[in-house]
Amino acid sequence: MTVQALPIENYALLDDADCEARIVAAKQKLGKRVVILGHHYQRDEVFRHADLTGDSLKLSREASHSEAEYIVFCGVHFMAEVADILSRPEQIAILPDLAAGCSMADMASLPAVQRCWQELAQVLDPDADVTPVTYINSAADLKAFCGKHGGIVCTSSNAGKILDNSFAQRPKVLFFPDQHLGRNTGYRMGIALEHMVLWDPALPLGGLSEQQIRDARMILWKGYCSVHQVFMPAHIDAYLARHPDALVISHPECSFEVCQKSQYVGSTEYILKTVRDAPAATHWLVGTELNMVNRLAAEVKAQGKQVHFMSPIICMCSTMFRTDPQHLAWVLENLVNGVVVNRIRVPADEARLAKLALERMLRIV
Ligand code: 13P
Ligand code: SF4
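What you see is a predicted model, and the numbers here were worked out from it, not measured in a lab.

Visitor: Which parts of the structure should I look at to understand the site of ligand 2?
Guide: With respect to spatial proximity, the complete set of residues near ligand 2 consists of Tyr41, Cys102, Ser103, Met104, Asn137, Cys225, Val227, Glu253, Cys317 and Met320. Residue classes in the shell around ligand 2 are distributed as seven nonpolar, two polar and one charged.

In structure tokens, the structure reads:
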């Protein structure tokens, strides 16, 4: 007899306290058969149920090492795809709300990147001259594109090492979808700004001249994170004018100008570690997503550390926020009944090529 899935409508009106109890009970019943991975940007009511937390690199490794039958990814779509690609065939990756995407990842599509590659071929030989590097915040078909064309995946915590390795293979890099991570990392490696050009997929030849492409070392896709673009250099200046002792730390998805004004730049895991390991009573201005900053502020308060959010306006990652306790309770109770809802499955051919690009990354860092 086929067991019917419990409908999500049954959960929509549950309050968070009910969900909390039901999540705990379902997790207990499932035991080691399930692992919940939680990205740092998840809201507290979800984050507290994660068995493992981390930045994208750490969570990719956890997904590849996990023994559990079900990997429930409290994060966004591309993260659950990575879990599916790196896990064993019998493991099942689940995304509690299928609408939890990443607006930055959506800024580069496979047809647009293929068009770019073809257009670059008018000027140079891309398969000999250009390593395609995709930020992990991208769809699986773009990771597969990189796998096919000798390219690689990077995350915010290993971008420098991945770029070093990519330049050792070929003289140029096409970096997508986040221009800021590309520019901030390239600049730290000593690449001049004029040798990093911006490819606008809406324009012929990316809006560049043939000479600009020939002279470029990095071709940066015109993508960005809507959360991190909210942070402005003026926010830092205004804060430091009032609190000159504050230390500034930012995620590399922030603009070049914001990162230049920050003493520390790194992934979510790096930000947490840096502030946690800092001397007592230090004062921090942090440029990344609000849920994580609030949690960090509460955690280090007892050590006399002050942690402030960089922007005067509230900005959360609205897609990360879609994963709520209601959806988590829904997927877990269905698993208890033996029903898988919201499975993320990357088509086999695409997964094989994407895995190549991911494994190239995991071999380096
Ligand atoms: P991290 O890998 O630093 O966690 O970043 C992921 C992300 O999406 C940040 O916007
Ligand atoms: Fe995507 Fe930005 Fe959200 Fe990260 S914070 S998941 S890059 S939209």
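Now, onward.
Visitor: Would you mind showing me how to read the site of ligand 1 here?
Guide: Contacts to ligand 1 come from His39, Tyr41, Asp55, Ser56, Tyr135, Asn137, Ser156, His228, His251, Glu253, Ser267 and Thr268. One of the side-chain N or O atoms of Ser56 is found 2.9 Å from an oxygen atom in ligand 1. Compared with its free state, where it exposes 300 Å², ligand 1 has 96% of that area covered by protein. Of the residues in the shell around ligand 1, the class split is two nonpolar, eight polar and two charged.

Visitor: Is there a simple way to think about the pairing of strand E9 (residues 218-221) in this case?
Guide: Look at any regular strand and the pattern is simple: side chains alternate between the two faces of the sheet. Of the two faces of E9, the one holding Met218 and Leu220 and the one holding Ile219 and Trp221 are both buried throughout. As paired strands, strand E7 (residues 172-176) and E9 are joined by three bridges and run parallel to one another. In the sheet register, Leu174 faces E9, and the bridge partner there is Ile219. When strand E8 (residues 196-199) meets E9, the two strands line up parallel, connected through four bridges.

Visitor: Can you walk me through helix H16 (residues 325-336) in this structure?
Guide: Counting along an α-helix, one turn takes 3.6 residues, and residues three or four places apart therefore face a common direction. For H16, with twelve residues, the first-to-last C-alpha span of 16 Å sits near the 16 Å given by 1.5 Å per residue. Burial runs high along H16: eleven of the twelve residues are buried. For H16, every residue scored as buried is listed here: Pro325, Gln326, His327, Leu328, Ala329, Trp330, Val331, Leu332, Glu333, Asn334 and Leu335. In this structure, the buried side of H16 is in contact with helix H1 (9-12), helix H2 (16-30), strand E1 (34-39), helix H3 (44-47), strand E3 (70-74) and strand E4 (92-94). Positive phi appears at Gly338, one or two residues downstream of H16, with a value of about 85 degrees.

Visitor: Looking at this model, I keep getting lost on the sheet that holds E3. Mind explaining?
Guide: Strand-to-strand pairing in sheets goes through backbone hydrogen bonds, with the strands running parallel or antiparallel. Across the sheet, which stays open at both edges, the four strands sit in the order E2-E1-E3-E4 with parallel pairing between neighbours. Edge positions in the sheet fall to strand E2 (52-54) and E4, since each of these pairs with one other strand and no more. Going across the sheet, the axis of each strand differs from the next one's by a mean of 20 degrees, ignoring polarity. Across five bridges, E1 lies against E3 in parallel orientation. Bridge pairing in E3 places Val35 opposite Ile71.

Visitor: I'm lost on the environment of Gly54 in this one. Help?
Guide: Relative to the elements of secondary structure, Gly54 occurs in strand E2. Placed 213 residues apart in sequence, Gly54 and Ser267 show a C-alpha to C-alpha distance of 9.7 Å. For Gly54, the contacting residues outside a window of four places in its chain are Gly38, His39, His40, Leu59 and Glu269.

Visitor: Before we go on, may I ask you to explain the packing of aromatic side chains in this structure?
Guide: The geometry of two aromatic rings is summed up by the distance between their centres and the angle between their planes. Scanning all chains against the criterion turns up five aromatic pairs. Note on Tyr187 and Phe256: the rings are 4.8 Å apart at their centroids and 80 degrees apart in plane angle, and the pair reads as edge-to-face. Of this pair, Tyr187 sits in helix H10 (residues 179-188) while Phe256 sits in helix H13 (residues 256-260); the two residues are 69 residues apart in sequence, bridging distant segments of the chain. For Tyr187, a relative accessible area of 35% translates into the label partly exposed.

Visitor: Sorry, what's going on with the sheet that holds E9 here?
Guide: In spatial order, the strands read E6-E5-E7-E9-E8; together these five strands make up an open sheet with parallel pairing. Strands at the two margins of the open sheet, each flanked by one partner only, are strand E6 (152-154) and E8. Averaged over all adjacent pairs, the angle separating strand axes in this sheet is 25 degrees, with direction ignored. Note: strand E5 (residues 130-135) against E7, five bridges, orientation parallel. Bridged to Pro132 within E7 is Leu174.

Visitor: Just checking my understanding: could you explain empty space enclosed by the protein for this structure?
Guide: Any empty space left between atoms is shown by rolling a water-sized probe over those atoms. Using the criterion set out here, one finds one cavity of 30 Å³ or more in the structure. The calculated volume of the largest cavity comes to roughly 40 Å³. Where the lining of the largest cavity is concerned, the elements lending two or more residues are helix H4 (56-65) and helix H5 (77-86). Taken together, the residues of the lining of the largest cavity break down into six nonpolar, two polar and no charged.

Visitor: For this particular structure, what's the right way to read the state of the cysteines?
Guide: What is meant by a disulfide is a covalent connection between two cysteines, made through their sulfur atoms. For the coordinates displayed, the defined rule picks out zero disulfides. The cysteine Cys259 is free of any disulfide, with Cys254 supplying the nearest cysteine sulfur at 5.2 Å.

Visitor: Would you mind showing me how to read the nonpolar core here?
Guide: Inside soluble globular proteins, nonpolar side chains tend to come together where they are buried. Counting 106 residues, the largest nonpolar core has Leu120, Phe175, Trp199, Ile213, Met218, Val307 and Met361 as its most contacted members. Beyond its immediate chain neighbours, meaning those up to four positions away, Trp199 contacts Cys116, Glu119, Leu120, Leu205, Gly206, Leu208, Ile213, Ile219, Leu220, Trp221 and Lys222. Within the second largest apolar cluster, 23 residues are counted, among which are Tyr11, Cys19, Tyr70 and Ala329.

Visitor: What am I meant to see in the packing of H5 against helix H17 (residues 348-364) here?
Guide: Two quantities define a packed helix pair, namely the angle between the axes and the distance from one axis to the other. Where H5 meets H17, the axes come as close as 10 Å, and the angle between the chain directions of the two elements is 95 degrees. Between H5 and H17, the crossing angle belongs to the class labelled roughly perpendicular. For the pair H5 and H17, contact is made by Val82, Ile85 and Leu86 and by Ala351, Ala354, Lys355, Leu358 and Leu362, respectively. For the contact of H5 with H17, the per-class residue count stands at seven nonpolar, no polar and one charged.

About the criteria used
Residues numbered from 1 in each chain as written. Chains lettered and ligands numbered in written order. Predicted model: local features only at pLDDT ≥ 70, side-chain atom pairs only at ≥ 80, totals over all residues. Heavy atoms only, no water. Near = heavy atom within 4 Å. Nonpolar A, V, L, I, M, F, W, Y, C, P; charged D, E, K, R; others polar. Polar contact = N/O pair within 3.5 Å; in protein donor to acceptor, adjacent residues only side chain to side chain. Areas by Shrake-Rupley, 256 points an atom, 1.4 Å probe, with all protein chains shown as cover. Buried < 20%, exposed > 50% of the residue type's maximum accessible area, 1.4 Å probe, protein only. Helix = DSSP H or I, 4+ residues; strand = E, 2+ residues; numbered from the N terminus. Pairing = 2+ DSSP bridges. Expected span 1.5 Å × (residues − 1). Contact = heavy atoms within 4.5 Å. Axes fitted to C-alpha atoms, helices over the stretch in contact; angles between N-to-C directions. Phe/Tyr/Trp six-rings, centres within 6.5 Å; stacked < 30°, edge-to-face > 60°. 1 Å grid on protein atoms, 1.4 Å probe; cavity = no way out; pocket = protein on both sides within 12 Å on 5 of 7 lines; lining within 4 Å. Points joined across faces, edges and corners; volume = space filled by probe spheres on them. Disulfide = S-S within 2.5 Å. Core = buried A, V, L, I, M, F, W, Y, C linked by side-chain atoms within 4.5 Å. Parallel < 35°, antiparallel > 145°, perpendicular 65-115°, else oblique.

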